[in-house]
Amino acid sequence: MSTKTYSRSVLCMGTTVSIQVIAPQSEEANVLHHISKAFTIFKTVETTCSRFWKL
């Protein structure tokens, strides 16, 4: 079973947030889904805690 490194970085909360996952290639869709979900949570926290009102 071969593994692959999946990584993604975004600018969030005034810094670069990076996620790196090492998983079997057969889990690619699942890994990418969960990485995307994690960044959605980061963005939600950033928006919720922002001192700037976004209407």
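Whatever comes next refers back to the structure up there.
Structural notes, computed from the coordinates.

What counts as what
Residues numbered from 1 in each chain as written. Predicted model: local features only at pLDDT ≥ 70, side-chain atom pairs only at ≥ 80, totals over all residues. Heavy atoms only, no water. Helix = DSSP H or I, 4+ residues; strand = E, 2+ residues; numbered from the N terminus. Buried < 20%, exposed > 50% of the residue type's maximum accessible area, 1.4 Å probe, protein only. Contact = heavy atoms within 4.5 Å. Salt bridge = Lys/Arg side-chain N within 4 Å of Asp/Glu carboxyl O. Core = buried A, V, L, I, M, F, W, Y, C linked by side-chain atoms within 4.5 Å.

When you go through the protein chain residue by residue, the secondary structure sums to 1 helix and 2 strands. Beginning at the N terminus, the succession of helices and strands in the protein chain can be written as β-β-α. Across its three principal axes, the protein chain shows a C-alpha extent of roughly 50 × 20 × 10 Å. For the protein chain, with 55 residues in total, the buried portion stands at 16%. Partitioning the intrachain contacts of the protein chain with sequence separation of at least 6 by distance along the chain shows that 32% fall at a separation of at least 24.

This part covers the environment of Phe-39. Mapping Phe-39 onto the fold places it in helix H1 (residues 28–49). Note: C-alpha distance between Phe-39 and Arg-8 (31 residues apart in sequence) is 9.3 Å.

Now for the pattern of salt bridges. All chains considered together, the criterion is met by 2 salt bridges. In this structure, Glu-28 and Lys-4 form a salt bridge, with 3.6 Å as the shortest nitrogen-oxygen distance. Pair noted here: Glu-28 is in helix H1 and Lys-4 is in strand S1 (residues 3–12), with a separation of 24 residues, a long-range link. Judged by relative accessible area, which is 31%, Glu-28 ranks as partly exposed. Accessibility expressed as a relative area gives 32% for Lys-4, which makes it partly exposed.

Now for the nonpolar core. Tyr-6, Val-10, Cys-12, Val-17, Ile-19, Ala-23, Val-31, Ile-35 and Phe-39 form the largest nonpolar core, which has 9 residues in total. Residue assignment for this core shows that the elements contributing at least two residues are S1, strand S2 (15–24) and H1. Sequence-distant contacts of Ala-23, defined by excluding residues within four places in its chain, comprise Thr-3, Lys-4, Tyr-6 and Val-31.

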